[in-house]
Amino acid sequence: MSLIAITEVKKRFGDNEVLKGISIDVASGEVVAIIGKSGSGKSTLLRCINGLETIDEGSIVVAGAQFLSDEAHLKALRLKVGMIFQQFNLFPHLTAGGNVMLSQMVVKKTPKTDAEAVARKMLDRVGLAHKFDALPDELSGGQQQRVAIARALAMQPIALLCDEITSALDPELVAEVLAVVKELAAEGMTLVMVTHEMRFARDVCSRVVFMHQGRVHEIGAPEEVFANPRTPELRQFLGVQ
Amino acid sequence: MTQFTFWDILRNLLLAARWTVLLSLVSFTGGGIVGAALLFLRIGSRRGIRLLSRGYIQLFQGTPLLMQLFLAFFGLGLFGIDVPAWLAACVALILWTAAFLAEIWRGCVESIAKGQWEASASLGMGYLQQMRYVILPQALKVAVPPTVGFSVQVVKGTALTSIIGFVELSKAGSIVTNATFQPFTVYGLVALIYFALCWPLSKSSQLLERKLNVAHRNH
């Protein structure tokens, strides 16, 4: 059974239909890359899976829980899927450790000492154990993004959504973040990532989804999608003739 | 005819200035509490209440404080309710301050990046948890300089209550002038006392702005 089942999802912003009937099934442990031009709806799709956007038609089921937009259902959904953002969105008034501890204590009511132990473990996992007391301001972009990953992992999600998580980083910082993601993938974490890192998508992902104008245009194993693009749109996107 | 020394004048003005200070403190504290309540109604999820709160703010921002004082003092009198000047002054100033503070603070809450709401939501926090642990701690920091800055307006606003007969610094100034026939000395001193009250406030607003580094936060 698939972990994330997206069926015929449609989403409109006013008159503009951004998602025109998307169906994707993601199995447990799969790493799915969503690629496509800006405006193709890939970020919107990711935000729908996490309930940051409501959907107009269709259904999204995560580990058997239906997407409904009331607060109790949303919370249940969000405890299952973590999300990492392009702009990191760390809480600037808290230290790296505080960022990782906050939602455990507030949402899961974990006692402070336990939350701190988890936070230290998660920061260690992303290679930042020594930055526990640093404020986000004092960290590089790559380090901030790794703290954001630790923060999401601390909630023990069954899947992680990554929304262009390396797009706001300087080129030399991209590798350290991707290394963490690669490790997570190797440990069997289910990942759905919107990305522009084609090489990473090719090397790490089990499936690639090419979105174009609100539809899934091509979907398949990375070797297949990158080596033999079937449609002219994907060929153009990849820059091959 | 009695002769008034400079000291007589200053002493009487300083005694009256206590009421200016007290009225400012009451208005600012009361206005802060009412303003905080208004803020939550203003940014809450209920549309009707949001509009009501916005209407209140626009009404109090869009009419002169003097009119509000007249309405509180004479208006209630029409219904047979005898309102003492100090009470009318307090009520009008509290309601007026609340409207401005609510609007200042709304700006501060809305200045917090949307990503903060999204990140905290994606971690499973509810609205109140987001407010309490993520948004307000950041918004408060932004709010301190303009709030302290606005307190200067409150201090100066208390001068208007002299019109309805509340004896604070300005009213004492005209009383003393009528007795001494030395308007320049008296009003000069009145102005200096107001300045001595207001200047430290605006200066500390500036210092706080620099210290909290509000303008240079890069996220």
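Treat the numbers as computed from the prediction; the structure is a model and nothing was measured.

**Brief notes about the overall build of chain A**
- The helix and strand inventory of chain A stands at 9 helices and 10 strands.
- For chain A, whose C-alpha radius of gyration is 18 Å, the value lies close to the compact-globule estimate of 18 Å for 241 residues.
- Going through the 241 residues of chain A one by one, you find that 51% of them count as buried.
- Expressed as a percentage of contacts within chain A between residues at least 6 apart in sequence, the contacts between residues at least 24 apart total 63%.

**Details of the pairing of strand S7 (residues 159-163) of chain A**
Residues and elements named next belong to chain A.
- Among the 5 residues of S7, 5 are classified as buried, and the element is accordingly described as predominantly covered.
- Side chains Ala 159, Leu 161 and Asp 163 project from S7 onto one buried face, and the interleaved Leu 160 and Cys 162 project onto a second face that is buried too.
- Note: strand S6 (residues 81-84) against S7, 4 bridges, orientation parallel. Bridged to Ile 84 within S7 is Cys 162.
- Sheet topology note: the S7/strand S8 (residues 190-194) ladder contains 5 bridges and is parallel. If you follow Leu 160 over to S8, its bridge partner there is Leu 191.
- Between the parallel pair S7 and S8, the chain is carried across by helix H6 (residues 171-186), and the sense of this crossover is right-handed.

**Let's talk about the interface of chain A and chain B**
- With 19 residues of chain A at the interface, the matching set in chain B holds 16 residues.
- Among the secondary structure elements, those contributing two or more residues to the side of chain A that touches chain B are helix H2 (71-80), S6 and helix H3 (96-107) of chain A.
- Along the lines of polarity and charge, the residues of the side of chain A that touches chain B split into 10 nonpolar, 6 polar and 3 charged.

**Let's talk about the packing of helix H6 (residues 127-157) of chain B against helix H8 (residues 183-212) of chain B**
Residue and element names in this part refer to chain B.
- Running from N to C, H6 and H8 cross one another at 170°; their axes reach a closest spacing of 8 Å. Compared by their axis directions, H6 and H8 come out roughly antiparallel. Only Tyr 194, Leu 197, Cys 198, Leu 201, Ser 202, Ser 204, Ser 205, Leu 208, Glu 209 and Leu 212 of H8 make contact with H6, whose side of the interface consists of Lys 141, Val 144, Pro 145, Val 148, Gly 149, Ser 151, Val 152, Val 155 and Lys 156.
- When the residues that make up the contact of H6 with H8 are grouped by side-chain class, the tally is 11 nonpolar, 5 polar and 3 charged.

**Brief notes about unusual backbone geometry**
Residue and element names in this part refer to chain A.
- The phi dihedral of Lys 109 falls on the positive side, at around 60°, and the residue is not glycine.
- Mapped onto the secondary structure, Lys 109 falls in the loop between H3 and helix H4 (112-125).
- Look at Lys 109 and you get exposed, because 8 C-beta atoms sit within 10 Å.
- Positive phi, close to 45°, is recorded for Glu 164, a residue that is not glycine.

**Details of the sheet that holds strand S9 (residues 207-212) of chain A**
Residues and elements named next belong to chain A.
- Within the open sheet, the 6 strands sit side by side as S6-S7-S8-S3-S9-S10. Their pairing is mixed. With partners counted over all chains shown, the strands left at the sheet margins are S6 and strand S10 (215-220), one partner each. Ignoring strand direction, the axes of neighbouring strands in this sheet form an average angle of 20°.
- Across 4 bridges, the pairing between strand S3 (residues 31-35) and S9 is parallel. Looking at S9, one finds that Ile 35 is bridged to Phe 210.
- Here helix H1 (residues 42-49) sits on the sheet and contacts S3, S6, S7, S8 and S9; the angle it forms with S8, its principal contact strand, is near 145°.

**Focus: helix H5 (residues 114-122) of chain B**
- Every buried residue of H5 of chain B is listed here: Gln 116, Ala 119, Ser 120, Ala 121 and Ser 122 of chain B.
- Backbone geometry just downstream of H5 of chain B places Gly 124 of chain B in the positive-phi region, at approximately 95°.

**So, the environment of Lys 156 of chain B**
Residue and element names in this part refer to chain B.
- Secondary-structure assignment places Lys 156 in helix H6.
- Here Lys 156 falls in the partly exposed class, since 16 other C-beta atoms lie within 10 Å of it.
- As a C-alpha pair, Lys 156 and Ser 170 span 14 residues in sequence and 9.9 Å in three-dimensional space.
- Aside from chain neighbours lying at most four places away, what touches Lys 156 is Tyr 194 and Cys 198.

What counts, and at which threshold
- Residues numbered from 1 in each chain as written.
- Chains lettered and ligands numbered in written order.
- Predicted model: local features only at pLDDT ≥ 70, side-chain atom pairs only at ≥ 80, totals over all residues.
- Helix = DSSP H or I, 4+ residues; strand = E, 2+ residues; numbered from the N terminus.
- Rg over C-alpha atoms; globule rule 2.2 N^0.38 Å.
- Buried ≥ 20, exposed ≤ 12 C-beta atoms within 10 Å, placed from the backbone.
- Contact = placed C-beta atoms within 7 Å.
- Pairing = 2+ DSSP bridges.
- Right-handed = clockwise from strand over helix to strand, strands pointing away.
- Nonpolar A, V, L, I, M, F, W, Y, C, P; charged D, E, K, R; others polar.
- Axes fitted to C-alpha atoms, helices over the stretch in contact; angles between N-to-C directions.
- Parallel < 35°, antiparallel > 145°, perpendicular 65-115°, else oblique.

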